[in-house]
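Architecture at a glance
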Amino acid sequence: MPIAQLKVNSNKQYALIDVRKHHHDIFNGSIKFAPSTFTLVGIPGLEAEHIWISIPFCLIYTIIFLGNGLIFHIIRIDSSLHQPMYYFLAMLAFVEFGVSASTMPTVLSIFLFGINDISFSGCLLQMFSMHSFTLMESGVLLAMSVDCFVAIYSPLRYTTMLTIARITGMGAAIALRSIMLMLPLVFLLKRLPFCGHNTLTHSYCLHSDLIKLPCGDTCPNSNLGLFVITFTFGLDSLLIVVSYVLILNTVLKIASGAGRWRALNTCVSHICAVLVYYVPMVSLSLMHRFGRHLPPLLQTVTANAYLFFPPVVNPIVYSIKTKEIRNSIVHTLPRKRGEF
């Protein structure tokens, strides 16, 4: 065999070895490649209408920030609302404010200015903050169900059982649980090679969306993500159901029908908050697991409902259904107008 042909064959063998070594290094984590940016997507098929679609999104964010900000402010300044139930409601308003603030920069950048790119670090930060606040919201809803049970089961000891110190401890535990569960997911994503794949399917960075892109082994991410969902949403929803079973058992022991109605009426707003939170969240989770064949538009609408529906609806529901909140708003707004 000629020397030149030997050199060509030798070069091909070395090239093949290099390619195999490269793939081996990628899947063993010794080579790490992260894209400098991710590309976010608005609403598939309606890219030409994004400027018009931005109008309802701007309106939604305005309602969210004004509604939840007003609830938080009313509870802070009105001493008659310094009670356990309203402290938990202030926590709920705060975490919903945080969820919306996490998504607003990318959503409005896409629909208003056509900016679809977000840095790798910025995407991880958005994912961490957005999911942390949604996990906190689940914990706050559980704490509110405990509040309802204590108020109905032992109304005379209500304020002595749920003291400021205990409420503060519950809030700190909810926040710490969410942060500690989300941090490992961020570090696991940073170690994965993405190999040039950087297009996401939403207007913000979801963990379930990000783990579809790497070319490495994402089993640890999926398993930890499943554990987080089970330990937060799954456990919280189960405990909420248990608390309402106990509430119903307590209510049925009340002799008068009017007393039963008053007791149940205190839980109506919380039941609405639980439904508007868990129904879109469960629907989105099922879509990501089993609905890959579904139209992208349906997935986008469900994802937006999961993030925007609870922060919009809850302040309205609590303002309408809670007489003390409604009266405080009515008395505060005229005073504010008079100051100007």
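Residues numbered from 1 in each chain as written. Predicted model: local features only at pLDDT ≥ 70, side-chain atom pairs only at ≥ 80, totals over all residues. Heavy atoms only, no water.

1. Overview of the overall build of the chain
- Regarding its fold elements, the chain presents 12 helices and 2 strands.
- Counting from the amino terminus, helix and strand elements in the chain follow one another as α-β-α-α-β-α-α-α-α-α-α-α-α-α.
- Per-residue burial over the chain gives 45% buried out of 340 residues.
- For the chain, the proportion of contacts with a sequence separation of at least 24, taken over those separated by at least 6, is 80%. (Helix = DSSP H or I, 4+ residues; strand = E, 2+ residues; numbered from the N terminus. Buried < 20%, exposed > 50% of the residue type's maximum accessible area, 1.4 Å probe, protein only. Contact = heavy atoms within 4.5 Å.)

2. Observations regarding the packing of aromatic side chains
- Tallied over the full model, the rule gives 11 aromatic pairs.
- When the centroid spacing of 4.7 Å and the interplanar angle of 55° are considered together, the rings of F65 and F97 count as tilted. Highlighted residues: F65 in helix α2 (residues 50-77) and F97 in helix α3 (residues 84-113), separated in sequence by 32 residues.
- One aromatic cluster is present, built from ring pairs that chain together F57, Y61, F65, F97, F111 and F308. (Phe/Tyr/Trp six-rings, centres within 6.5 Å; stacked < 30°, edge-to-face > 60°.)

3. Topic: the side chain of N314
- Here N314 is to be found in helix α11 (residues 296-321).
- Discounting residues that sit within four places of it in the chain, N314 has contacts with L92, E96, E137, A273 and V276.

4. Quick look at the state of the cysteines
- In total, this model carries 1 disulfide according to the counting rule given.
- A disulfide bridge connects C123 with C205, and the sulfur atoms are separated by 2.0 Å. One quick way to see it: the torsion about the S-S bond of C123 and C205 is about -120°, and its sign makes the bridge left-handed. Remark: C205 occurs in the loop between α6 (164-190) and α7 (207-210) and C123 occurs in helix α4 (residues 120-153); sequence separation between them is 82 residues. Judged on exposure class, the residue C123 and its partner C205 are both buried. (Disulfide = S-S within 2.5 Å.)

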